[in-house]
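Spelled out, the chains give:
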Amino acid sequence: MTTIRLYNTKSRREEDLQPLIPGKVRMYVCGPTVYDRAHIGNARPVVVFDTLFRLLRHVYGADAVTYVRNFTDVDDKINAKAAETGRPIRDITDETIGWYHADMDALGALRPTHEPRATEYITPMIRMIEGLIARGHAYAAEGHVLFDVRSFPGYGALSGRSVDDMIAGARVEVAPYKRDPMDFVLWKPSGDDLPGWPSPWGRGRPGWHIECSAMSRELLGEAFDIHGGGIDLQFPHHENEIAQSCCANPSGQFAKIWMHNEMLQVEGKKMSKSLGNFFTVRDLLDQGFPGEVIRFVYLGTHYSKPMDWTADKAAQAEATLRKWRALTRDGQPGQVADTVVAALAGDVNTAGALAELHKLANAGDAAGLLASAQLLGLLLPEMGAWAEVTVDLSTHADRLAALRAEAMASKDFAAVDAMKAALMAAGVEVRMSKAGVELLPGAGFDAAKLPVL
RNA sequence: GGCGGGUUGGCGGAGAGGUUACGCAGCGGAUUGCAAAUCCGUGAAGACCGGUUCGAUUCCGGUACCCGCCUCCA
C-alpha cells in the first residue's frame, strides 16, 4: 500500500500517515462561518483537503475514509447580519449553506462524509464544558465559562509559543472575570435579542472553539488522524481546540496530524475589500471562469505556500484543460499513474502531480491522463460542459474553404484573410491545412461577433 | 515586541546532496498562400555571506528582503 507522507504542523516534520485504526482514516477540517458567500481564500482549504480526501479514498478505499467539515452557524457575525437585515438567523444560515454547496460543488469538491452544523451539537458542547469544569480546566464567571490556559501545560505547543510570550506583546481582551488574560471563552451569556440555549450557566451560546472539539468527538471519536484548516487558524482556534479536547477527553488524545494551508493573494497582494481585489467564488464563476479552471489554478501551488490568484494563471489553466479534454474526449479512464499517486503521497504535492499529468499528456497516454486527472478532481465528465463545442460553425467553415479554394486559383487572398481575421476577432481558432478548414471556438469566443454570411 | 513561513531561469512552479522537473513565453526548424494548431530541437535558475562535503540550488549558521499570525478574517 502507498505510504502517504504529510507535514505535521505540530511536530514540524513530515510524517508517515499511520492510521490509528489500521485501514481507516478519519479527518476533520474547519469549515466556514455561514454568514456570506465564500471568498476565494475560503475555497483553498476546500480544494486542498478535497484532493487529500480523494487520495485517501484511492489508497484506503472509498468506505474507509471519514471526512468531517463543519458549518459554524452560530456566530456574532451572523447575529450582526440578522440584526442588520431583520431576517431570521436560520434563513441566513440555510441560504448561505446552499450557496456554499453550490460554489464548492462547482470546484469539483466532493461533499464530506459529515457536515455538522454547530447549532445541532449544543448539547455535546455543554457536556464537554461541564467535563472541563469538573476536571478543573474551566471556570464559570459572570455568566461566562472560561478555559483556564494555565491548567494545560501543552498550551502553545502547536503554534510554538508560551503563554508568557503571548501575553508579552499581545492585544488580548482584558476582562475582569478572567483569571489569566489568555483564558478564552467556552460559553457566553446571550441577551434576549441574541440566539441562546439554556445551560447550567444561564441562557447563552457557545464560544467559537468548542464546537469543533465537540463535533469531532461526536463524529470521529476522541482521537483521529488528520485535522486541517487554514494557517490563520493555527492560533488561537486550533490551539484552543487542542486544549479543550485534550483536557476534556479521558484519553487525553486528539488529532494526530495537523495540516495547515497557507493563505491566498490576488495579483501579488493580500486580498481585501479595501484594495478592491476581493472576490467570492461566485464572482469568478459569474465572470466566466469555469470551476474546473479555478481548481486547476489552486492545484498549481503547493498548499504550504502562499498562492497568488492571477488572471494569467487562469488563462494558462484553461488552455491546458482544453488541450487535455480534447486529448481524452473519446477515451475511457485507464490506470491511475503511479507517478501521480507518488506525487500526491508526498505531502499532497499537487503541483508535482500536475507536472506528471503534463508528462502523460506529452506521452500520448490519454487513458492514464484521464484516470490520473480525475484523481485530482479534474477532467471529470460533470465538470466539462464549459469546454464542449456547442456551436455549429460548419457553414462558416464551408464558406472559408470555398473562398480559400478560389484564392488558391486566383492568388488573391484578400477575401480569405478578411474572413479569417473576422473569425479570429470572434474568438474562433482557424486551422487551415491541406486536409481542409477547421474552426474551433476558443477561449474568448463570442457568437455575436461572428461574421454574417 | 513574540511566533511561524518564504526568497528557484522572462513568468508560474516542483523534486532531488552529484544525473532533463514541468507548464507558459522566447529562439531555431518542419508544416502553412500567410497564419493558427501540431511536431522536432534549444538557451536560460536557485537572494546574499560563511560552514559541512570529493561535490550544495538541495544540509547547517548568519544577513537582507517579503509575507502571515498574535484582533473569534480560511
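Residues numbered from 1 in each chain as written. Chains lettered and ligands numbered in written order. Predicted model: local features only at pLDDT ≥ 70, side-chain atom pairs only at ≥ 80, totals over all residues. Heavy atoms only, no water.

Formally: UniProt positions are given in the numbering used here, feature names are shortened, and annotations may be inferred rather than shown by experiment.
Under the annotation held in an unreviewed UniProt entry, chain A carries the name Cysteine--tRNA ligase and is attributed to Gemmobacter lanyuensis. Chain A has a UniProt comment under Subcellular location (unreviewed entry) that states "Cytoplasm". On record in UniProt, under Subunit (unreviewed entry), the comment for chain A is "Monomer."

### What to know about the packing of helix α2 (residues 76–85) against helix α3 (residues 89–106)
Selection rule: The axes are straight lines fitted to the C-alpha atoms, using for helices just the contacting stretch, and the angles between their N-to-C directions are given from 0 to 180°. Secondary structure elements are defined from DSSP: runs of H or I of at least 4 residues count as helices, runs of E of at least 2 residues count as strands, and each element is numbered from the N terminus. What makes a crossing left-handed is the near helix being turned counterclockwise from the far one by less than a right angle; a clockwise turn instead makes it right-handed. When checking whether two residues touch, look at their non-hydrogen atoms; a contact exists if any pair is within 4.5 Å. Under the grouping applied here, Gly and all other residues not named as nonpolar or charged are polar, the nonpolar ones being Ala, Val, Leu, Ile, Met, Phe, Trp, Tyr, Cys and Pro and the charged ones Asp, Glu, Lys and Arg.
As a packed pair, α2 and α3 sit with axes 9 Å apart at the nearest point and diverge in direction by 115°. For the pair α2 and α3, the sense of crossing is right-handed. Each of Ile-78, Asn-79, Lys-81, Ala-82 and Thr-85 in α2 lies in contact with α3, whose residues at this interface are Ile-89, Ile-92 and Thr-93. Here the contact of α2 with α3 is composed, by residue class, of four nonpolar, three polar and one charged.

### Examining the sheet that holds strand β10 (residues 255–261)
For clarity, the threshold we go by: A pair of strands counts as paired when DSSP detects no fewer than two bridges linking them.
Strand order across the open sheet formed by four strands is β4-β3-β9-β10, with parallel pairing between neighbours. Of all strands in the sheet, those bounded by a partner on one side alone are β4 (65–69) and β10. Taken pair by pair, the neighbouring strands of this sheet meet at an average axis angle of 20°, ignoring direction. Running over the sheet, helix α6 (residues 210–220) touches β3 (25–29), β4 and β9 (224–230) and is turned about 160° from β3.

### Description of empty space enclosed by the protein
Formally: A cavity here means a set of 1 Å grid points, computed over protein atoms only, where a 1.4 Å probe fits but cannot escape. A pocket is an open set with protein on both sides within 12 Å along at least 5 of 7 lines, and lining residues have an atom within 4 Å of a point. Grid points are joined across faces, edges and corners, and a volume is the space filled by probe spheres set on the points.
For the coordinates displayed, the defined rule picks out two cavities of 30 Å³ or more. Taken as a whole, the largest cavity holds about 50 Å³ of empty space. As for the largest cavity, its lining consists of Val-47, Val-48, Tyr-298, Leu-299, Thr-301, Tyr-303, Val-348 and Thr-350. Among the elements of the structure, α1 (43–60) and α9 (291–299) are those that each provide at least two residues to the lining of the largest cavity. Classifying every residue of the lining of the largest cavity by side-chain character gives six nonpolar, two polar and no charged. Here the second largest cavity defines a volume of roughly 30 Å³. Along its surface, the second largest cavity is lined by Arg-69, Tyr-100, His-101, Met-104, Asp-105, Ala-109, Leu-110 and Arg-111. Among the residues forming the lining of the second largest cavity, the class breakdown is four nonpolar, one polar and three charged.

### Side note on the protein's contact with RNA strand B
Formally: Summary of the distance rule: residues count as near a molecule or strand when at least one heavy atom falls within 4 Å of that molecule or strand. Polar contacts here mean pairs of N or O atoms no more than 3.5 Å apart (in protein, one a potential hydrogen donor and the other a potential acceptor; neighbouring residues in sequence count only if both atoms are side-chain atoms).
In the region of RNA strand B, 46 residues are neighbours, and Lys-77, Lys-188, Trp-208, His-302 and Met-432 sit closest. The sugar-phosphate portion of RNA strand B accounts for 60% of its atoms within 4 Å of the protein, the bases making up the rest. Taking Asp-76, its side chain carries an N or O atom lying 3.4 Å from a base nitrogen of RNA strand B. Those elements that provide at least two residues to the surface near RNA strand B are α2, α5 (163–169), α10 (311–328), α12 (350–362), α14 (394–410), α15 (414–425) and β14 (428–433). When residues of the surface near RNA strand B are assigned to their parent elements, the largest contribution, five residues, is made by α12. Taken together, the residues of the surface near RNA strand B sort by class into 14 nonpolar, 14 polar and 18 charged.

### So, the UniProt feature "short sequence motif: 'HIGH' region" (unreviewed entry) in chain A
UniProt's entry tags residues 32–42 with the feature "short sequence motif: 'HIGH' region" (unreviewed entry), counted in the numbering of this structure. Secondary structure over residues 32–42 splits into 0% helix and 0% strand, and the C-alpha atoms at its two ends are 7 Å apart.

### Some words on the environment of Leu-52
So the rule is basically this: Throughout, exposure labels follow a simple rule: accessible area from a 1.4 Å probe, protein chains only, divided by the maximum for the residue type, with under 20% read as buried, over 50% as exposed, and the rest as partly exposed.
Within the element layout of this structure, Leu-52 appears in helix α1. Leu-52 sits in the buried class, given a relative accessible area of 0%. Between the alpha carbons of Leu-52 and Trp-208 there is a distance of 26 Å; along the sequence they are 156 residues apart. Contact partners of Leu-52, with chain neighbours within four places excluded, come to Leu-6, Met-27, Ile-226, Met-259 and Val-348.

### Concerning the packing of aromatic side chains
Operational definition: A pair of aromatic rings is counted whenever rings of Phe, Tyr or Trp (Trp by its six-membered ring) have centres within 6.5 Å, and the orientation is called stacked for planes under 30 degrees apart, edge-to-face for over 60 and tilted otherwise. Throughout this description, the term charge over a ring refers to an Arg CZ or Lys NZ atom that lies within 6 Å of the ring centre and within 35 degrees of the ring normal.
Under the counting rule described, the total for this entry stands at 10 aromatic pairs. When the ring of Tyr-155 is compared with that of Phe-184, the centres are 6.3 Å apart and the planes differ by 20°; the resulting orientation is stacked. In this pair, Tyr-155 sits in the loop between β6 (144–147) and α5 while Phe-184 sits in strand β7 (residues 184–189), placing the two residues 29 residues apart along the sequence. In this structure Phe-184 comes out as buried when scored by relative accessible area, which is 7%. Between Phe-224 and Phe-254, the aromatic rings sit 5.4 Å apart at their centres with planes inclined by 80°, giving edge-to-face as the arrangement. A residue pair is termed long-range when its members are at least 10 positions apart, and Phe-224 in strand β9 and Phe-254 in the loop between α7 (234–248) and β10 qualify at 30 residues. Phe-254 gets classed as buried once you look at its relative accessible area, which sits at 7%. Stacked on the ring of Phe-53, the Lys or Arg Arg-57 has its end atom at 5.0 Å from the ring centre. The ring of Tyr-139 carries the charged tip of Arg-179 above its face, separated from the ring centre by 3.9 Å.

### What to know about the pattern of salt bridges
Side chains bearing opposite charge may pair, as long as their charged atoms lie close to each other. Threshold: By definition here, a salt bridge exists when the distance from a side-chain nitrogen of Lys or Arg to a carboxyl oxygen of Asp or Glu is within 4 Å.
One pass over the full model with this rule turns up 23 salt bridges. Across the pair Asp-76 and Arg-205 runs a salt bridge, and its minimum N-O distance is 3.0 Å. Here Asp-76 is found in helix α2, whereas its partner Arg-205 is found in strand β8 (residues 204–206), with 129 residues between them in sequence. Residue Asp-76 is classed as partly exposed on the basis of its relative accessible area of 39%. We note a salt bridge from Arg-322 to Glu-318, for which the minimum N-O separation is 3.0 Å. With Arg-322 and Glu-318 both in helix α10, this residue pair falls four residues apart, about one helical turn. Residue classification places Arg-322 among the partly exposed positions, given a relative accessible area of 23%. Within this structure, Arg-37, Asp-103, Arg-282 and Asp-286 form a network of salt bridges that share partners.

### Describing the sheet that holds strand β13 (residues 307–309)
Spatially, β12-β11-β13 is the arrangement adopted by the three strands of the open sheet, whose pairing is mixed. Only two strands of the sheet have a single neighbouring strand rather than two, namely β12 (269–270) and β13. Bridge count for strand β11 (residues 264–266) against β12 is two bridges, and the pairing is antiparallel. If you follow Gln-265 over to β12, its bridge partner there is Lys-270.

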